[in-house]
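Coordinate inspection notes
These are the residues of each chain, in order.
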Amino acid sequence: MDTPVVVYYGSIDNFDPIFDKAANDLFNSFTFVAYQACNETMSGKVMFYLPPVVPEELEQNKHTVRPEEDVFQFENTTATDVDTFKNWLLYTRLPYFDNANIENYRLYMESKLPLAYFFYIAPQEYMEYKEYFGELGKKYRGKMNFIALNAMIFHTHVQFLNMKEQFPLFAIHDLRYNMKYGLPQLSDEEYKAQTEMIKLDRDDMTALVEEFMNGTAIPIVKSEEIPTEQHGNVTTIVGLNHDDMVRDPKRDVVVRYFASWCAQSRKFEPIYNNIADMFAGDDETKDK
């Protein structure tokens, strides 16, 4: 059987509807079995069985860093929401580290965990970092997934991560909030002047992962420079200062998001400016 198998042994208080809902939602990806007439040793357990990997597949997939075992037990059977169980299934089926392709990339996205990318150019470069990323994948199991992408094939994907095509490259995508994080990159002039292959520092990558996990990492934001001067009563904001301005707890904020090529945006601009002038000219509202 190619799909993972999930077996619910015996009866667990309040877990029946969670198991049934997960089975209905994920029946295309997993085989679900409820086995009530089990022995006392297995009673009250929820087990996850990965499909066996034949030696030929192991030889063909040298890039994959797999868990040491292929049977896992769901320990959180007291959970009251189905998403906790489904999320566990979705990341438990994944290896610690793998080379990305169309099929497994979909699986990583479905898990909804933050996704760390390692872009490499040469196969030997992948093999050099394979063990390192496998250990990270094991350490952060259930918190972050790690994959590799061949930069010769997926080079344009870095634009989605708000980064430049400078390889090798390491970046993190927070799927929940669509925020991207990466190591500092060279200027275009510095990159063109390079005479040797860029080397990624393991300590720098580890530090970025740790900063992301503790909430101190700074996301990469595509943005114009922050304006040095403001004109009129409408303040121009850009990506770099958007959150500081919009989420200022000391004042109410009205934001106009527009496209310069949009006729409706251009038509509304003078109306919006007049409204701003009206509030700025009112003593009760101008400082609020």
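Placed above this text is the structure.
Now for a quick tour of the structure. (Residues numbered from 1 in each chain as written. Predicted model: local features only at pLDDT ≥ 70, side-chain atom pairs only at ≥ 80, totals over all residues. Heavy atoms only, no water.)

1. A short note on unusual backbone geometry
Cis geometry is adopted by the peptide bond preceding Pro168, which originates at Phe167 and carries an omega value of 0°. Tracing the backbone shows Pro168 in the loop between helix H7 (157-160) and strand S8 (169-174). In this structure, Lys112 takes a positive phi of about 65° despite not being glycine. Structurally, the position occupied by Lys112 is in the loop between helix H4 (102-111) and strand S6 (115-120). Backbone geometry places Asn162, a non-glycine residue, at a positive phi of 65°. (Helix = DSSP H or I, 4+ residues; strand = E, 2+ residues; numbered from the N terminus.)

2. Observations concerning the layout of surface pockets
Considered as a void within the structure, the largest pocket measures approximately 1300 Å³ in volume. Elements with a minimum of two residues in the lining of the largest pocket: helix H10 (242-246) and helix H11 (263-280). With seven residues, H11 is the single largest residue contributor to the lining of the largest pocket. When its residues are assigned to classes, the lining of the largest pocket shows 14 nonpolar, ten polar and ten charged. (1 Å grid on protein atoms, 1.4 Å probe; cavity = no way out; pocket = protein on both sides within 12 Å on 5 of 7 lines; lining within 4 Å. Points joined across faces, edges and corners; volume = space filled by probe spheres on them. Nonpolar A, V, L, I, M, F, W, Y, C, P; charged D, E, K, R; others polar.)

3. Points about a nonpolar patch on the surface
Taken together, Phe268, Ile271, Ile275, Met278 and Phe279 make up a surface patch of nonpolar side chains, about 470 Å² in accessible area. Within the secondary structure, Phe268 sits in helix H11. The class for Phe268 is partly exposed, based on a relative accessible area of 37%. (Patch = residues over 30% accessible without salt bridge, like charges linked within 9 Å, V, L, I, M, F, W, Y side chains within 5 Å. Areas by Shrake-Rupley, 256 points an atom, 1.4 Å probe, with all protein chains shown as cover. Salt bridge = Lys/Arg side-chain N within 4 Å of Asp/Glu carboxyl O. Buried < 20%, exposed > 50% of the residue type's maximum accessible area, 1.4 Å probe, protein only.)

4. A word on the packing of aromatic side chains
Think of a pair of aromatic rings as described by two things: how far the centres are apart, and how the planes are tilted against each other in angle. Counting across every chain of the model gives 28 aromatic pairs. For the ring pair Phe19 and Phe85, a centre distance of 6.3 Å and an interplane angle of 35° mean the geometry is tilted. On the criterion of sequence distance, the pair formed by Phe19 in helix H1 (residues 16-25) and Phe85 in helix H3 (residues 82-92) is long-range, its members being 66 residues apart. Each of the two residues, Phe19 as well as Phe85, counts as buried. Between Phe74 and Trp88, the ring centres sit 5.1 Å apart and the planes meet at 50°, which makes this aromatic pair tilted. (Phe/Tyr/Trp six-rings, centres within 6.5 Å; stacked < 30°, edge-to-face > 60°.)

5. With respect to the sheet that holds strand S9 (residues 179-182)
The strand order across the open sheet built from five strands is S5-S7-S6-S8-S9, with neighbouring strands paired in mixed fashion. In this open sheet, the two edge strands, each paired with only one partner strand, are strand S5 (98-99) and S9. Pairing between S5 and strand S7 (residues 145-150): two bridges, direction parallel. Note that in S7 the partner of Asn99 across the bridge is Ala148. Relative to the sheet, helix H5 (residues 123-139) contacts S5, S6, S7 and S8, its axis offset from that of S6 by approximately 160°. The strands that helix H9 (residues 202-214) touches are S7, S8 and S9; relative to S8, the one it contacts most, it runs at about 10°. (Pairing = 2+ DSSP bridges. Contact = heavy atoms within 4.5 Å. Axes fitted to C-alpha atoms, helices over the stretch in contact; angles between N-to-C directions.)

6. Considerations on the sheet that holds strand S2 (residues 31-35)
Pairing is mixed across the open sheet formed by four strands, whose spatial order is S2-S1-S3-S4. Two strands bound the open sheet, and with one partner strand each, they are S2 and strand S4 (71-73). Averaged over all pairs of adjacent strands, the angle between strand axes in this sheet comes to 20°, irrespective of strand direction. When strand S1 (residues 5-9) meets strand S3 (residues 45-49), the two strands line up antiparallel, connected through five bridges. Residue Val7 lies in a different strand from S3, and its bridge partner there is Met47. Each of S1 and S2 is contacted by H1, which is oriented at about 155° to S2, the strand it contacts most. Contacts between H3 and the sheet are confined to S1, S2, S3 and S4, with S3 contributing the most and set at about 30° to the helix.

7. What to know about the pattern of salt bridges
Under the criterion given, the structure shown has eleven salt bridges. With a closest N to O distance of 2.6 Å, Glu110 and Arg106 form a salt bridge. With Glu110 and Arg106 both in helix H4 and four residues apart, the pair spans about one turn of that helix. Overall, Arg106 belongs to the partly exposed group, its relative accessible area being 37%.

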